[in-house]
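# Observations on chain architecture
This is what each chain is made of:
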Amino acid sequence: MSRSLTSIADLSDDDISQLLELSRIFLEVNQREIPKVPALRGKTVATLFFENSTRTRLSFELAATRLSADVLTFTLTTSSVSKGESLRDTAETIESLGADLIVMRHFSSGSVQLVSSWLEIPLVNAGDGAHEHPTQALLDAYAIMEHFNTGKRLDGISVAIVGDVLHSRVARSNVQLLSRLGAQVTLVGPPALIPLDLSLWPARATNSLEDVLSESDVIYMLRVQSERFTESLIPSMSEFSRLFSLTAERLERTRKEAVVMHPGPIIRGVEIAAEAADSSRSLIRTQVTTGVGVRMAVLYWLLGANQGRLESIW
Ligand code: NCD
């Protein structure tokens, strides 16, 4: 079994620092006229997504292509899963085809870890249920550091993560990573959408967005993931929006230097108003661009860096 990236806890402080450094190198590559390097030539990266995705899948596939790897794309609806093939058989087939790494997204928490125990090749978790989404956290940390010019730490930065925290793998990974880097994180949402037991979350929590507006450097908004609801947790979307949407008026009441973030997809008019999403203080598009370089770093780190390929980045 090779080293995989399934959660932020898999990473030592040194690993995080190396990944952020590699991200810087690959984001520079992405600025070039020909944004492509031979670093992973001859390697094959497979994307195995059991849940829909726009940004994450395209970003991983673009990252692999820019490292000159070959890309194998598994599509759920046209695959043999629809004929009843199991997760294990599907994953083993992809490994037997010759994939060197699998980027996997699945609706079950812990599934990526489970698959990695069956295979020899590394896996990257691109989101497992409501559990973790480590590359999203890495790209968010990078984007915040770049914006506030804080070097390789986030000391003194306060981040409010707002909305449906309960179902958010993005929130889970971000809280772990951002707090390890020194940021102070506050979770904000209605009581039913904040985890009951916060003992393993290095974060504060509040049910009032008004409380954090004027004291946060980053307002990180989350989509309401109704597809993961097993019961009715909020009275209505309009009630949720009334209390927790980042409106133009609320944006006005944030610090002048505060920025707005969101992992996407954004639902305009529900958790975030167009004025906030499109404002000059929004880092939403920067997050997407940063994601390509950060995912190049992760793929390279798992497939190239330990195999004497460092010199072949260029
Ligand atoms: C998120 C996800 O899928 O976890 N999006 C993403 O990967 N950028 C969040 C969401 O679906 O709301």
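Residue numbering note: each chain is counted from 1, following its sequence as written. With pLDDT at 70 or above as the cut-off, local features in this predicted model cover only qualifying residues; side-chain atom pairs require 80 or more to be listed or tallied, and sums for whole chains, interfaces and linings still use all residues. Derived side-chain values reflect all non-hydrogen atoms in the structure, with water molecules and hydrogen atoms excluded from consideration.

A few words on the overall build of the protein chain. In terms of regular secondary structure, the protein chain is built from 11 helices and nine strands. Overall, the protein chain is about 50 × 45 × 35 Å in size when its C-alpha atoms are taken along their principal axes. Buried, partly exposed and exposed residues are distinguished by accessible area as a fraction of the type maximum, computed with a 1.4 Å probe on protein chains only: under 20%, between the cut-offs, and over 50%, respectively. Burial statistics for the protein chain: of 314 residues in total, 55% are counted as buried. Pairs at least 24 apart in sequence give 73% of the contacts found in the protein chain among residues at least 6 apart. Runs of E in the DSSP output that reach at least two residues are strands. Runs of H or I that reach at least four are helices, and both are numbered from the N terminus. Two residues qualify as a contact provided that any one of their heavy atoms is within 4.5 Å of a heavy atom in the partner residue.

What counts as a ring pair is set by centres within 6.5 Å for rings of Phe, Tyr and Trp (its six-membered ring), and what kind of pair is set by the plane angle: stacked under 30 degrees, edge-to-face over 60, tilted for all other angles. Counted by the stated rule, this structure contains three aromatic pairs. Arranged with centres 5.6 Å apart and planes meeting at 35°, the rings of Phe240 and Phe244 form a pair that is tilted. One end of the pair, Phe240, and the other, Phe244, are both in helix H8 (residues 237–244), four residues apart, so they sit about a helical turn from each other. Like Phe240, the residue Phe244 is buried in the burial classification.

Its location among the elements puts Ser279 in the loop between helix H10 (274–277) and helix H11 (284–303). What qualifies as a polar contact is a pair of N or O atoms within 3.5 Å, subject to a donor-acceptor requirement within protein and to the restriction that residues adjacent in sequence count only when both atoms come from side chains. There is a polar contact of 2.9 Å between the side chain of Ser279 and the backbone nitrogen of Arg281.

A word on the site of the ligand. Neighbouring residues are identified by heavy atoms, a residue being near a molecule or strand if any of them is within 4 Å of it. Surveying the vicinity of the ligand reveals the residues Thr56, Arg105, His133, Gln136, Arg169, Val170, Arg223, Gln225, Pro263, Gly264 and Pro265. At 2.9 Å, a side-chain N or O of Arg105 approaches an oxygen atom of the ligand. The contact in question runs from an oxygen atom of the ligand to an N or O atom on the side chain of His133, over 2.8 Å. Calculation of accessible area relied on Shrake-Rupley with a 1.4 Å probe; when residues are assessed, cover is drawn exclusively from the protein chains displayed. Taking 320 Å² as the accessible area of the ligand by itself, protein coverage stands at 94%.

Quick look at the sheet that holds strand E5 (residues 158–162) now. When DSSP finds two or more bridges between two strands, those strands count as paired. Read from one edge of the open sheet, five strands run E7-E6-E5-E8-E9, paired in parallel fashion. Each having just a single partner strand, strand E7 (204–206) and strand E9 (259–261) make up the two edges of the open sheet. Neighbour-to-neighbour, the strand axes of the sheet open up by a mean angle of 25°, direction not taken into account. Judged from the four bridges that link them, E5 and strand E8 (residues 218–221) form a sheet pairing that is parallel. Axes, fitted as lines to C-alpha atoms, cover a helix only where it is in contact. Angles between the N-to-C directions of the axes lie from 0 to 180 degrees.

Let us now look at the domain arrangement of the protein chain. Segmentation into domains, and thus their bounds, comes from an automatic or database assignment. When its domains are assigned, the protein chain resolves into domain 1 (8–132 + 288–313) and domain 2 (134–283). Placing a centre on the C-alpha atoms of domain 1 and another on those of domain 2 gives a separation of 26 Å. Facing the 32 residues of domain 1 at the interface are 25 residues of domain 2. Once two parts are brought into contact, the accessible area they lose, counted with a 1.4 Å probe and summed over both, makes up the buried area. Interface of domain 1 and domain 2: buried area, both sides summed, is about 2300 Å²; carbon and sulfur atoms make up 60% of it. For this document, the term salt bridge refers to a Lys or Arg side-chain nitrogen within 4 Å of an Asp or Glu carboxyl oxygen. If you look at where domain 1 meets domain 2, you find five salt bridges.

This part is about the environment of Thr186. Position of Thr186 among the secondary structure elements: in strand E6 (residues 184–188). Residue classification places Thr186 among the buried residues on the basis of a relative accessible area of 7%. Distance in space between the C-alpha atoms of Thr186 and Ala205 is 5.3 Å, their sequence separation being 19 residues. Setting aside its immediate chain neighbours within four residues, Thr186 contacts Val159, Ala160, Ile161, Arg204, Thr206 and Val212.

Turning our attention to the pairing of E6. The buried fraction of E6 amounts to four of the five residues, a majority that puts the element mostly inside the structure. The sheet contact formed by E5 and E6 spans five bridges and is parallel. Bridge pairing in E6 places Ser158 opposite Gln184. A clockwise path from the first strand over the helix to the second, with the strands pointing away from the viewer, defines a right-handed crossover. Remark: the E5/helix H6 (residues 169–180)/E6 crossover connection has right-handed handedness.

Taken N-terminus to C-terminus, the directions of helix H3 (residues 87–96) and helix H4 (residues 111–118) make an angle of 55°; their axes are 10 Å apart at the nearest point. Compared by their axis directions, H3 and H4 come out oblique. Two packed elements cross with a definite hand, and for H3 against H4 that hand is right-handed. Contact with H3, carried on its side by Leu87, Arg88, Ala91 and Glu92, involves Ser111, Val115 and Trp118 of H4 and no other residues of that element. Split by residue class, the contact of H3 with H4 holds four nonpolar, one polar and two charged. Orientation labels follow simple angle bins: below 35 degrees gives roughly parallel, above 145 gives roughly antiparallel, 65 to 115 gives roughly perpendicular, and whatever is left gives oblique. Handedness of a crossing is defined here by the sense of rotation of the near helix relative to the far one, left-handed for an anticlockwise turn of less than a right angle and right-handed for a clockwise turn. Throughout, the ten residues Ala, Val, Leu, Ile, Met, Phe, Trp, Tyr, Cys and Pro are labelled nonpolar, Asp, Glu, Lys and Arg are labelled charged, and all others, Gly among them, are labelled polar.

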